[in-house]
Amino acid sequence: MGARQHLAIIGDGAVAAAFLSVARLVPGDRLTLIGPNVHRFGAGRFYADHDARHPWRLAYLLDRPNGEMTEGFADWLAAEWPVLLPEIAVAQPLHVRRWSEALSEGAFGDFAAPRAIYGRYLARRSSERLAKLVEDGVQVQLITGLATDLSRADDQFRITLASGEVIKADRVDVATGGPANQRFGVDAGPTAFTTLHGNEDAIARVLKPGWEVTCLGASTEVLDVMHFLRAAWPTQELRLRVLRDRATPALDGDPEYRRLRAAGRIVEEVGRPIWVYAESAGNVRLRITGKECQSQEKTVPLAINTAGPGDQLLVDILISGMIAKGWLKLNSAQNRIDVGARFATDMDGVRYASDAVAILNRRPEGVVRQRVEELVGSFEGDPIETA
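Residues numbered from 1 in each chain as written. Predicted model: local features only at pLDDT ≥ 70, side-chain atom pairs only at ≥ 80, totals over all residues. Heavy atoms only, no water.

This next bit is on the packing of helix α7 (residues 221-232) against helix α9 (residues 255-262). Interaxial distance between α7 and α9 falls to 11 Å at its minimum, and their mutual angle equals 70 degrees. By the angle between their directions, the pair α7 and α9 is classed as roughly perpendicular. Along its contact with α7, which presents V222, L223, M226 and R230, the element α9 presents E256, Y257, R259 and L260. Among the residues making up the contact of α7 with α9, the classes are represented as five nonpolar, no polar and three charged. (Axes fitted to C-alpha atoms, helices over the stretch in contact; angles between N-to-C directions. Helix = DSSP H or I, 4+ residues; strand = E, 2+ residues; numbered from the N terminus. Parallel < 35°, antiparallel > 145°, perpendicular 65-115°, else oblique. Contact = heavy atoms within 4.5 Å. Nonpolar A, V, L, I, M, F, W, Y, C, P; charged D, E, K, R; others polar.)

To continue, consider helix α1 (residues 14-21). By the criterion of burial, α1 is predominantly enclosed, with seven of the eight residues buried. What α1 keeps buried is the set A14, V15, A16, A17, A18, F19 and L20. In this structure, the buried residues of α1 make contact with β1 (6-10), β2 (30-35), α5 (115-135), β7 (171-174), β21 (350-352) and α11 (372-376). (Buried < 20%, exposed > 50% of the residue type's maximum accessible area, 1.4 Å probe, protein only.)

Between its first and last C-alpha atoms α5 spans 30 Å; for 21 residues at 1.5 Å apiece the expected length is 30 Å, and the two agree. Within the sequence span of α5, burial applies to R115, A116, I117, Y118, G119, Y121, L122, A123, S126, L130 and L133. Buried positions along α5 lie against α1, β2, α2 (73-91), β3 (139-144) and α7. Phi for G137, located one or two positions after α5, is positive at around 100 degrees. (Expected span 1.5 Å × (residues − 1).)

What follows covers the environment of R230. Take R230: it is sitting in helix α7. The exposure class assigned to R230 is buried, which follows from its relative accessible area of 17%. Note: C-alpha distance between R230 and L94 (136 residues apart in sequence) is 9.2 Å. With near-sequence residues (within four places) excluded, R230 lies in contact with L94, L238, E256, R259 and L260.

Right, let's get into the nonpolar core. L31, L150, I159 and V174 are the most contacted members of the largest nonpolar core, which totals 48 residues. In terms of residue count, the dominant contributor to this core is α1 (six residues). Beyond its immediate chain neighbours, meaning those up to four positions away, I159 contacts A8, I10, I34, A147, D149, L150, E165, V166, I167 and V172. (Core = buried A, V, L, I, M, F, W, Y, C linked by side-chain atoms within 4.5 Å.)

A separate point is the packing of aromatic side chains. With the rule as written, the count across this model stands at 16 aromatic pairs. On the numbers, 5.3 Å between centres and 55 degrees between planes, the contact of F73 with Y121 is tilted. With a gap of 48 residues between them, F73 in helix α2 and Y121 in helix α5 connect regions that are remote in the sequence. The interplanar angle of 65 degrees and the centroid separation of 6.1 Å between the aromatic rings of W81 and F111 together place this pair among those described as edge-to-face. One end of the pair, W81, is in helix α2; the other, F111, is in the loop between α4 (100-104) and α5, and 30 residues separate them in sequence. Judged by its relative accessible area of 9%, W81 falls in the buried class. Residue classification places F111 among the buried positions, given a relative accessible area of 5%. (Phe/Tyr/Trp six-rings, centres within 6.5 Å; stacked < 30°, edge-to-face > 60°.)

Further remarks concern the packing of α2 against α5. In contact at an axis separation of 11 Å, α2 and α5 are set at 125 degrees when each is read in the N-to-C sense. As judged from the angle between their axes, α2 and α5 are oblique. Pair α2 / α5 crosses with right-handed handedness. The segment α2 lies against α5, with F73, W76, L77, E80, L84, E87 and I88 engaging I117, Y118, R120, Y121 and R124. (Left-handed = near helix turned anticlockwise from the far one by under 90°.)

Structure below.
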């Protein structure tokens, strides 16, 4: 019988859950999961739920139909629908109305459910996987914490946590980090926000009745802003301006976006922000390149960066350290991180996967045809195409 192995998975989102789903472990092996929200492992930050006191709870929808998500999700959703429907109807009744045709036909794969519901599915599936591993004799440990360093010592890896605790492991899968929104100078201030997510409370505090909200870019995050505003201020007329310099099928294909645009409550302006200065509350100065590359300046009361991935990466101190050690390499052409086949790093025994990975089959607008977690979950199938 061979030596027992200790696998550590760093991260607690969908990609970490994909690593868990393909982990090869035998009785007597050890598995340690490390993440700030490890007890809802699989949901991570992106698919996390909001507190019930927030009116925007369950507002954000998946960016593709349920049937195109992880295999089994649409069937699970159909089975759980008698329990989920009252919860969603109370939190976001407009969503239920939006799905009425698909629901009447029992077509649970045809609409896009709330992201938090999908996160709930991922967390439950991961919990079932962990229970099976324990039943098979694998020792499982969940550690709530933030990994800050990964180093090699003799024949093991040392994972240092922010608390100072050190975890030793034989193999490590890392699933943290991702691309950040394109930045535009001093674009954070009292009424200027670098992203919607995580800033909802702050936006709700400062947004005044009658203010128009300006979206700096036309990524799919615009739809999140739309749902957020409708949920947080259901009795007020939504006023949204979207700076857009390219075709965005995700926006044009959304029926609610199209309806509000036709009603004049969403206004699209041809232009691309090149400079933002958050001068003071209610005064955000923009410089925009519009038609024929002519620039103009204007002041708006509140702006949210919805530009989508730019030339910066949102990586933590752990990933920065792996880059400094030469375990990971930056891909300057794609502003991403290069990995080898099956997400191998340049350190044997360590794999890395996240939205920061350079995938060769990216669409021109930067959207990956397959999610990274889908690629990780295909280890048993065809070779994975990475840069």
